[in-house]
Amino acid sequence: FTLEGQTVALPKNNGEHHLHGGDQGFHKQVWESEVGEGASVVFTLHSKDGDMSYPGSVTARVTYTWTDDNCLNMDYEAVVQGKPTILGLTNHTYFNLNGPSPKHVKEHLMV
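Residues numbered from 1 in each chain as written. Predicted model: local features only at pLDDT ≥ 70, side-chain atom pairs only at ≥ 80, totals over all residues. Heavy atoms only, no water.

Structural notes on the pairing of strand β6 (residues 72-81)
Relative to β6, strand β5 (residues 57-66) is paired through 10 bridges, and the arrangement is antiparallel. When the bridges of β6 are listed, Arg 61 appears paired with Glu 77. Counted between consecutive antiparallel strands, the loop separating β5 from β6 contains 5 residues, among which Asn 70 sits at a positive phi close to 60°. (Pairing = 2+ DSSP bridges. Helix = DSSP H or I, 4+ residues; strand = E, 2+ residues; numbered from the N terminus.)

If you want it as structure tokens, here you go:
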């Protein structure tokens, strides 16, 4: 990709493509953790300039909060320093809503 006139070449990890930040993307890192306010936990990751060939250093933070309404909130934030970069934080977690059951996740019903 090109960012502010600079071409950035990312390592390929999915055939001819670069997927999920590369082989050592954020999903492969050990995040720092701390107890947050109320019923929350905060995970923080510091990524140095050049990690997986991305420009700029990034401090990413994800806060998981269990609410009084029995909802799980996931709040994402990131601060970039030094150089501009691209970043798209997301979550691909799957929850087993049936407990210890042989049913496949496709058989779950959310109401």
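Some points on the pattern of salt bridges
Pairing of side chains with opposite charge becomes possible as their charged atoms draw close. In total, this model carries 3 salt bridges according to the counting rule given. Ionic pairing is found between Lys 83 and Asp 49, a salt bridge with its closest N-O pair at 3.1 Å. Highlighted residues: Lys 83 in the segment after β6 and Asp 49 in the loop between β4 (40-47) and β5, separated in sequence by 34 residues. Since its relative accessible area comes to 40%, Asp 49 is described here as partly exposed. Between Arg 61 and Glu 77 there is a salt bridge; the shortest N-O distance is 4.0 Å. (Salt bridge = Lys/Arg side-chain N within 4 Å of Asp/Glu carboxyl O. Buried < 20%, exposed > 50% of the residue type's maximum accessible area, 1.4 Å probe, protein only.)

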